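Coordinate analysis (summary)
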Amino acid sequence: PPLDTLLNLDDIEAAAKTQISKKCWAYYFSASDDLLSKTLNNTAYRSILLRPRVFVDVTRADTRTSLLSGALQLATPLYVSPAAMARLAHPDGEAGIARGVARFGALQIVSHNASMTPEQIVADAAPGQVFGWQLYVQTNRAKSEAMLARINRLRDRYKFVVLTLDAPVPSKREHDERAGIEARMVLEGSKPPGDLAGAGKSNNARPDADSGVGKQLFFGTAADLTWETTLPWLAAHTDLPIVLKGIQTHEDAYLAARWARAHPGSIRALILSNHGGRSLDTAPPAVHTLLEIRKYCPEVFDAVELWVDGGIRRGTDVVKALCLGAKAVGVGRAALWGLGAGGWRGVDRTFESESHPIPTARARARVCARIPSGWMRPG
Ligand code: FNR
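All values reported here derive from a predicted model rather than from experimental measurement. (Residues numbered from 1 in each chain as written. Predicted model: local features only at pLDDT ≥ 70, side-chain atom pairs only at ≥ 80, totals over all residues.)

1. Things to note about the overall build of the protein
When helices and strands are tallied, the protein shows 16 helices and 12 strands. When burial is assessed residue by residue, the protein has 51% of its 379 residues classed as buried. By sequence separation, contacts in the protein at least 24 residues apart represent 77% of the contacts at least 6 residues apart. (Helix = DSSP H or I, 4+ residues; strand = E, 2+ residues; numbered from the N terminus. Buried ≥ 20, exposed ≤ 12 C-beta atoms within 10 Å, placed from the backbone. Contact = placed C-beta atoms within 7 Å.)

This is the structure we're talking about:
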């Protein structure tokens, strides 16, 4: 269907389903086990209500924000979360996502398992367009170090490194596994960067031809990360700001804030995320973790920025997260569905379709979210 007939993310997701292969759909749609976390990611926002105030001049409301202590000036707090293998959906791939969000000035975090090289993705980016790079630490640390060196050289575009922590072992994604994909078949025609291209040659076990895409991408990922060993190692290999992704409890947010205070300039933001429900099923939605932090350790907000992702389907979801204290809000599948529905133009349409309520966020001093009883009310 013509893109201008797609009015919201449901329409865009349905259109993508008709355009992309069954295997691609299964990989993007899938989440672990019973999809409890994936489902709750969105229903959590539905249980939060906005409390709109009147007699507020919103003629000049705008969406501008700054992230990483002012280092990034952005036109919108809505950003693209790192998601692997965009070229499964459309040849425009990750560069198409960049082109699609350019008009909105949105930040894009590029996945470690992107289907294009970091250089290709930024080659035709708009002036001033900025990116983050997401890292899965490899058991073969030299590979990760080489990748970090490459990103350091592209620092006019890649402004920070996101370390994903919520997926230390492969999860059980049954939609993906049922699709029975052999990664090398679906990779045909795309040129993945370093690790992915060499998945079959990594120092880990060879990919199992019968497993889904997720498991095949997983080979080589380290499971032995710790506060004491990983963060100093990372800081020794990049001086870009570090963002930790996959924080799911107030306890870990507290530890991260403590680390950030003890090591100024290291961790600058946390992404509260359960990986779109794709890692440990029954893990809480990011917005619950945000509420937990407000309740049990609000001092975390002073030490690090809190970004959230998972289950964002409406501009109002974005506003709710901002009202509750998130500095930035990410979408994973939404960008992929847009790409599947119509290449870079589909991504543009996705951002356009849900952008209209976001300016309300500017008036957030006057709008606050009503949260389910049991949680502390926003201040
Ligand atoms: C992801 N996600 C992800 N995260 C990450 O840190 N590295 C990665 O390579 C990927 N890959 C990936 C692939 C696909 C197909 C999806 C859907 C997701 C998780 C992603 O960054 C984000 O946390 C979720 O997608 C957010 O949830 P929604 O917006 O998809 O509901």
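2. Remarks on the site of the ligand
What surrounds the ligand is a group of 26 residues, the closest being S81, S111, G276, G332 and R333. Mapped by element, the contributors of at least two residues to the shell around the ligand are α2 (22-29) and α16 (333-353). At three residues, α16 tops the list of elements feeding residues into the shell around the ligand. Residues of the shell around the ligand, tallied by class, amount to nine nonpolar, 13 polar and four charged. (Near = placed C-beta within 6 Å. Nonpolar A, V, L, I, M, F, W, Y, C, P; charged D, E, K, R; others polar.)

3. Let's talk about the nonpolar core
Counting residues in hydrophobic clusters, the biggest one holds 101 residues, and the most contacted among them are L244, L270, L290, V308 and A326. With nine residues, α16 is the largest single contributor of residues to this core. Apart from the residues within four sequence positions on either side, V308 is in contact with L272, S273, A286, V287, L290, A321, A326 and V329. (Core = buried A, V, L, I, M, F, W, Y, C linked by C-beta atoms within 7 Å.)

4. Regarding the packing of helix α4 (residues 93-102) against α16
Where α4 meets α16, the closest approach of the two axes is 6 Å, and the angle between their N-to-C directions is 25°. Regarding the angle of α4 to α16, the classification is roughly parallel. In this structure, α4 crosses over α16, and the sense of that crossing is left-handed. For the pair α4 and α16, the contacting residues are G96, I97, R99, G100 and V101 in the first and A335, G338, L339, G343, W344, V347, D348 and F351 in the second. (Axes fitted to C-alpha atoms, helices over the stretch in contact; angles between N-to-C directions. Parallel < 35°, antiparallel > 145°, perpendicular 65-115°, else oblique. Left-handed = near helix turned anticlockwise from the far one by under 90°.)

5. Considerations on helix α6 (residues 141-153)
For α6, which comprises 13 residues, the first-to-last C-alpha distance of 19 Å matches the rise-based estimate of 18 Å (1.5 Å per residue) to within 8%. Buried residues of α6: S144, M147 and I151, and no others. Projected down its long axis, α6 shows its buried positions confined to an angular sector of 60°, all on one face. In this structure, α6 carries A142, A149 and R153 as exposed residues pointing more than 90 degrees from its buried face. (Expected span 1.5 Å × (residues − 1). Arc of directions from axis to C-beta.)

6. A look at the confidence of the model for the protein
When the pLDDT values of the protein are averaged, the result is 88; 86% of them are 70 or greater. In the predicted structure, residues 191-206 sits below a pLDDT of 50 and forms 30 contacts with residues beyond four places in sequence or in another chain. Our summary of model confidence lists the complex with pTM equal to 0.91 and ipTM equal to 1.00. (pLDDT = per-residue confidence, 0-100.)

7. Considering the pairing of strand β8 (residues 242-247)
If a strand is regular, its side chains alternate between the two faces of the sheet. Counting buried residues in β8 gives six out of six residues, a clear majority hidden from the surface. Bridge count between strand β7 (residues 158-164) and β8: four bridges; the pairing is parallel. Looking at β8, one finds that L163 is bridged to L244. Pairing between β8 and strand β9 (residues 267-272): five bridges, direction parallel. Of the residues in β9, the one forming a bridge with I242 is I267. The β-α-β motif built from β8, the intervening helix α12 (residues 250-262) and the parallel element β9 has right-handed crossover chirality. (Pairing = 2+ DSSP bridges. Right-handed = clockwise from strand over helix to strand, strands pointing away.)

8. As for helix α3 (residues 36-46)
Looking only at α3, the buried set comprises S37, K38, L40, N41, A44 and Y45. Residues of α3 that are buried make contact with α13 (286-296) and α15 (315-323).

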